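# Examining the three-dimensional arrangement
Here is how the chains run, residue by residue.
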Amino acid sequence: MQTMNVTHASDTRLLWSVNRTTHGLQLRTFTTEKDTARVEEPTENEKKLTLELEETRKEAADLAEKVKSLDDKYKRALAESENIRRRLTKQIDDAKLFGIQGFCKDLLEVADILGHATEAVPKDEISDKNPHLKNLFEGLSMTRQQLNSVFKRHGLEPVNPMNEKFNPNLHEALFQQEVANVEPNTVVVVSKIGYKLHDRCIRPALVGVTKG
């Protein structure tokens, strides 16, 4: 096998591959640089396909951006819906708990009158010698006890802060007074007990406190 390089006047390099045989020279391959350059140049169809590919990529990028934007809006809407659901659930729960608040306030006046009537009965005259007074006192006491039981069952609790620290959320100060050996802002007089419904104050206790 023998290979030869031949250069023409046009400076086009020809690649010849020859093989010695008894019958002479046999041509194996032939090519030129001009032919190679012509083959590598893209055709009109390839240019069209390349352009369509670029347009498709651009459309895909735009669609991906739109999908991302819609996904973000969807998540925001979902979060807002969840917040609304929680607020409505809380409002419904509060309505169940505090829907009787107005009714309870009206009953508190009845409880106050019942308490005053019970305490007004002279304790030293309650005996078998005075059965009418004894029966009246027992009836008032039982009614008062039953009413307090109903209050407790529905979450209504009395607030009697005697000797406790003054709490503006539960107490209303009517006056201040000097009391020896007692810390300032301590409740020393309860003029009227308060009430709270499920930890919500519906009537503050009317109190007197020590001076600060």
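Throughout what follows, the structure given in this document is the object of discussion. What you see is a predicted model, and the numbers here were worked out from it, not measured in a lab. Each chain carries its own residue numbering, running from 1 in the direction its sequence is written. Owing to the predicted nature of the model, reporting of local features is limited to residues with pLDDT of at least 70; listing and counting of side-chain atom pairs is limited to 80 or more, with chain, interface and lining totals taken over all residues. Side-chain numbers come from the whole structure's heavy atoms, not from hydrogens or water.

## Re the overall build of the chain
Each helix and strand counted, the chain has four helices and nine strands in total. Only DSSP runs of H or I with at least four residues qualify as helices, and only runs of E with at least two residues qualify as strands; both kinds are numbered from the N terminus onward. Its helices and strands taken in sequence order, the chain reads β-β-β-α-α-α-α-β-β-β-β-β-β from the N to the C terminus. Relative accessible area decides the class of each residue, using a 1.4 Å probe on protein chains only: under 20% of the type maximum gives buried, over 50% gives exposed, and in between gives partly exposed. Among the 212 residues that make up the chain, the fraction classed as buried is 18%. Intrachain contacts of the chain at a sequence separation of at least 6 include 50% that bridge at least 24 residues. Contacts between residues were defined by any pair of non-hydrogen atoms, one from each residue, lying within 4.5 Å.

## Let's talk about the sheet that holds strand β7 (residues 194–197)
Ordered by their spatial adjacency, three strands build an open sheet running β4-β7-β8, and the pairing between neighbours is antiparallel. The open sheet is flanked by β4 (156–159) and β8 (200–203), the only strands paired with a single partner. Strand-to-strand twist across the sheet, computed as the mean angle between neighbouring axes with direction ignored, equals 35°. Of the strand pairs in this sheet, β7 and β8 are connected by three bridges, and their pairing is antiparallel. The partner of Tyr195 across the bridge, within β8, is Arg203. A pair of strands counts as paired when DSSP detects no fewer than two bridges linking them. Simply put, an axis is a line fit to the C-alpha atoms, just over the touching stretch for a helix, and the angle between two N-to-C directions goes from 0 to 180 degrees.

## Observations concerning unusual backbone geometry
Here the phi dihedral of Asn185 falls at roughly 60°; this positive angle occurs in a residue that is not glycine. Residue class for Asn185 comes out partly exposed when judged on its relative accessible area of 37%.

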